[in-house]
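Here's the letter readout for the chains.
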Amino acid sequence: MKFHEDGAPALFVHPELPEHPFLLQEGSDRWHTAAHRWGAGFAITSRGSGRWRGPGRVTDSLRLEVTRSAGERLLETYTWTNDSDSPLTVGSLAISLPIRDVYDSAADSLARACHAHVWTGGAWSWVLAQPMSGVGPVLGTVVRRGSLWAYSIESRGSDTSSNVRGHLMLHVTDHARNPSAFGGQLPLVLEPGESYVLELETGFHASVPEFLEATRPPVTVGSLVAEVGTPLLVGSQEIVSDTHGVRQVEIPGGSRTAVLFHQPRRELVERRIGRILADHRPLERAEPDRHAFLPYDNATGLTQTTNGWGDWTDGAERLAMPTLLQEARLRGWGPQEEIDAALRGWARFARHRLVSPDGTVHRGSDYPERVPRLYNFPWMAHFFADQYRLYGETADLELAARILERAYELGAENHLLIGLPEAVKLVASLNGDTALTEALQRHALHFAALGTELPSHEVNYEQSMVAPLVTLLAAADATPETEAALERAVRWMRAFGGPQPHVRLRDIGIRHWDGFWFGRHRHYGDVFPHYWSVLTAVALTQIGDAQTAEAIFRANLANFFPDGTATCAFLMPSCVEGEPGHRPDPLANDQDWALTLWLRHSP
């Protein structure tokens, strides 16, 4: 490891990864400065607030001492002391761990960046910095004395945008800004002369399991999600609930986690369908536009107009709603006549307003676009293929094939489109189209040859590129090239999900921009879970890991509520840029993909 002149760690170097810094670098990571070096931080107290970059006075009443000892492990002690003559209430206390969790490009990410898996569970807390390649040693920071009850994010906004996760701030408490976050946290009260001590141990570990063992887990945490009425075990505690929702669980020794109990799948889907049909349709529009589906604001009871914003249109990701209706109808769930009418109406709307005669798919009926967005093509093709399965109209299957052909004409072979392999396989199975399957094989071979040089998509590098890459390679006819690429891509994909013992976090791919693009609050910052995290589950079903896949599918049910309402984004941090988080966005928008894909890929 190397240190700045002020004693703060500058980078951690392992001989197996000599070019990997693990930490953000001042200068090359332009938005990272000394203000967020390792161990810098801030405090909000009853007698003033302040930031620090090193030991010394934080406020008139609060003083910080830092000791560091570097050997095989870096051992640090942070001691905050109330050196006034009266009690001091500390409402927020945070330190920075600037893990290099960035997406400059796919190649750079896989060579020099980390996924920061954060677990602030009280006395049992840690941060795991895992190379995005999924190969080699991992860097871990473990709390050895004291507790962490929350984390927040700084340096997130329109400047850093979607390719930067931001600065991770670890909190002894963040009560002053968000007292209910992470199940609730108390302020820290220091009597005159009293100190609070936080000890951290940081070092390399050969693997994720080795690191987890080094955290000294106080309990074994197995399954984190169950149907209502089915017990879960956290250590020796048997936890059960008859209510759909996330439940906090106290762990002996001063820690806490969260599990999820959910309604039976059919019941949840049928309740959700009821809300989709009641809330999400613009019935004030003329035919056929009144059959569209729109985002819905749970706080106001209004549908959300596009307002020139691509992620609020009546096309694109809104296809999650008609496709969920299809999945229910294929099973005979829900009000079948009403679903039939809604699907036939939506198909008319799509034909008139979202799909051109040549098969080009548009982002929305009232959204101007310079070039077609290729992501929308396989979703629309799959919809019309399923319409054919439901109602037997040949024109629907012909349109599905034409849309996929058009996608390849427009360059789909150079993109990792969500759902494309599944749509091609479905259409080809229905019409025997070998040209499409041949195109899919060329597509897979093209990406197998690229190695780490994946082209940037709407984000430079992300889980919703890598999981579709795994699905693409798994769907292709096996060759030495595709098999080697598949093994590599699976490592990349698994690295996005951490091992935290929390239902919103375990194996859920890191995504930290979707609340801004899809939500009403327009906040950047970690979204856990995000519905596209089920793309990892889809890919895992293709390679035989059904158990992990099922847990990911079911964890996403945390974004659905007992009455069938839902949220498009749960902002996980206690705060992002000082704004309170750890709450659901009021907009129900695109989250129904989690249900659609669960139904498509499990019995």
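Scroll up a little and you will see the structure.
The following refers to the structure shown.

### Comments concerning the pairing of strand β3 (residues 41–45)
Within β3, four of the five residues are buried, leaving the element largely enclosed by the surrounding structure. Strand direction decides the pairing type here: β3 and strand β4 (residues 48–52), joined by five bridges, are antiparallel. When the sheet's bridge partners are listed, F42 is paired in β4 with R51. The loop that links β3 with its antiparallel partner β4 comprises two residues. Sheet analysis places β3 next to strand β8 (residues 88–97), joined by five bridges and oriented antiparallel. Bridging across to β8, G41 finds its partner in I95.

### Considerations on the packing of helix α10 (residues 463–475) against helix α11 (residues 480–495)
Helix-helix packing: each pair is described by the crossing angle between the helix axes and the interaxial distance. Interhelical geometry of α10 versus α11 gives an angle of 155 degrees and a closest axis separation of 9 Å. On the basis of the axis angle, α10 is roughly antiparallel to α11. In this structure, the crossing between α10 and α11 has a hand that is left-handed. Across from V466, A467, L469, V470, L473 and A474 in α10, the residues of α11 making contact are T482, A485, L486, A489, V490, W492 and M493. Across the contact of α10 with α11, the residue classes tally to twelve nonpolar, one polar and no charged.

### Quick notes on the pattern of salt bridges
Two side chains bearing opposite charge may form a pair once their charged atoms approach each other closely. Scanning all chains against the criterion turns up 42 salt bridges. Residue D101 is joined to R165 by a salt bridge in which the shortest nitrogen-to-oxygen separation is 2.9 Å. On the criterion of sequence distance, the pair formed by D101 in the loop between β8 and α1 (106–112) and R165 in the loop between β12 (150–154) and β13 (167–173) is long-range, its members being 64 residues apart. Taking relative accessible area as the criterion, D101 reaches 2% and is therefore assigned buried. The class of R165 is buried, set by a relative accessible area of 1%. Of the charged contacts, one joins R272 and D592 as a salt bridge, the two residues approaching to 2.7 Å between their closest N and O atoms. Of the two residues, R272 is situated in helix α3 (residues 265–279) and D592 in the loop between β27 (587–588) and α15 (593–601); the sequence distance between them amounts to 320 residues.

### A word on the nonpolar core
Within the largest apolar cluster, 189 residues are counted, with the highest numbers of intra-cluster contacts made by W80, L198, M380 and Y461. Ignoring any residue separated from it by four or fewer positions in sequence, one finds M380 in contact with L319, W346, A350, L354, V355, V361 and I403.

### Section: the environment of P187
Mapped onto the fold, P187 is located in the loop between β13 and β14 (188–190). On a C-alpha basis, the gap between P187 and T45 in space is 9.2 Å, while along the polypeptide they are 142 residues apart. Not counting the four nearest positions on each side in its chain, P187 is found in contact with T89, V90, G91, T173 and H175.

### Quick notes on the side chain of R156
Among the secondary structure elements, R156 is positioned in the loop between β12 and β13. Although R156 lies buried, it forms no salt bridge, and the closest oppositely charged side chain, D526, sits 5.5 Å away as judged by the N-O distance. Here V164 takes part through its backbone oxygen, which lies 3.0 Å from a polar atom of the side chain of R156. One polar contact links the side chain of R156 to the main-chain carbonyl oxygen of R165, over a distance of 3.4 Å.

### So, the sheet that holds strand β15 (residues 195–205)
Where strands meet in a sheet, backbone hydrogen bonds hold them as pairs that are either parallel or antiparallel. Spatial ordering of the open sheet is given by β5-β6-β7-β15-β11-β10-β9, a layout of seven strands whose pairing is antiparallel. Looking at strand neighbours, the two that pair on one side only are β5 (56–57) and β9 (114–121), the edges of this open sheet. Pairing between strand β11 (residues 138–145) and β15: seven bridges, direction antiparallel. Pairing of V143 across the sheet is with L200, part of β15.

### Some thoughts on the packing of aromatic side chains
In the structure shown here, the tally under the stated rule is 23 aromatic pairs. Considering the side-chain rings of W126 and F211, the 5.4 Å spacing of their centres and the 85 degrees angle between planes classify their relative orientation as edge-to-face. Taken together, the residues W126 in strand β10 (residues 124–131) and F211 in helix α2 (residues 208–214) connect sequence positions 85 residues apart. Accessibility expressed as a relative area gives 1% for W126, which makes it buried. For F211, a relative accessible area of 0% translates into the label buried. One aromatic cluster in this structure is built from Y375, W379, Y531, W532 and W593. Over the face of the ring belonging to F570 we find R504, whose NZ or CZ atom lies 3.6 Å from the ring centre. Between the NZ or CZ atom of R522 and the centre of the ring of W312, over which it lies, the distance is 5.9 Å.

### Let's talk about the sheet that holds strand β19 (residues 245–251)
Taken in spatial order, the three strands line up as β16-β20-β19 in an open sheet, and their pairing is mixed. Of all strands in the sheet, those with a lone pairing partner are β16 (225–227) and β19, marking the two edges. When strand polarity is set aside, the average angle formed by the axes of neighbouring strands in this sheet is 30 degrees. Bridge analysis of β16 against strand β20 (residues 255–262) gives three bridges, and the strand direction is parallel. Of the residues in β20, the one forming a bridge with E227 is H262. Those strands touched by helix α14 (residues 546–555) are β16 and β20, and its axis lies near 75 degrees from that of β16.

### Notes on unusual backbone geometry
In this structure, P288 follows E287 across a cis peptide bond, with omega equal to -10 degrees. Here P288 lies in the loop between α3 and β21 (296–297). One non-glycine residue, A316, lies in the positive phi region at around 50 degrees. Considering the arrangement of structural elements, one finds A316 in the loop between β22 (302–303) and α4 (320–331). With a phi close to 55 degrees, E577 is a non-glycine residue in the positive phi region. Here E577 lies in the loop between β24 (575–576) and β25 (579–580).

### Side note on the packing of helix α8 (residues 420–431) against helix α9 (residues 434–450)
Contact pair α8 / α9: the axes reach a minimum separation of 9 Å and the direction vectors enclose 155 degrees. When the interaxial angle is binned, α8 and α9 end up roughly antiparallel. As α8 runs across α9, the sense of the crossing is left-handed. In this structure, α8 contributes L420, P421, V424, K425, V427 and A428 to the contact, and α9 contributes L436, T437, L440 and H443. Taken together, the residues of the contact of α8 with α9 sort by class into seven nonpolar, two polar and one charged.

Cut-off values and rules
- Residues numbered from 1 in each chain as written.
- Predicted model: local features only at pLDDT ≥ 70, side-chain atom pairs only at ≥ 80, totals over all residues.
- Heavy atoms only, no water.
- Buried < 20%, exposed > 50% of the residue type's maximum accessible area, 1.4 Å probe, protein only.
- Helix = DSSP H or I, 4+ residues; strand = E, 2+ residues; numbered from the N terminus.
- Pairing = 2+ DSSP bridges.
- Axes fitted to C-alpha atoms, helices over the stretch in contact; angles between N-to-C directions.
- Parallel < 35°, antiparallel > 145°, perpendicular 65-115°, else oblique.
- Left-handed = near helix turned anticlockwise from the far one by under 90°.
- Contact = heavy atoms within 4.5 Å.
- Nonpolar A, V, L, I, M, F, W, Y, C, P; charged D, E, K, R; others polar.
- Salt bridge = Lys/Arg side-chain N within 4 Å of Asp/Glu carboxyl O.
- Core = buried A, V, L, I, M, F, W, Y, C linked by side-chain atoms within 4.5 Å.
- Lys, Arg positive; Asp, Glu negative; His and termini not counted.
- Polar contact = N/O pair within 3.5 Å; in protein donor to acceptor, adjacent residues only side chain to side chain.
- Phe/Tyr/Trp six-rings, centres within 6.5 Å; stacked < 30°, edge-to-face > 60°.
- Lys NZ or Arg CZ within 6 Å of the ring centre and 35° of its normal.

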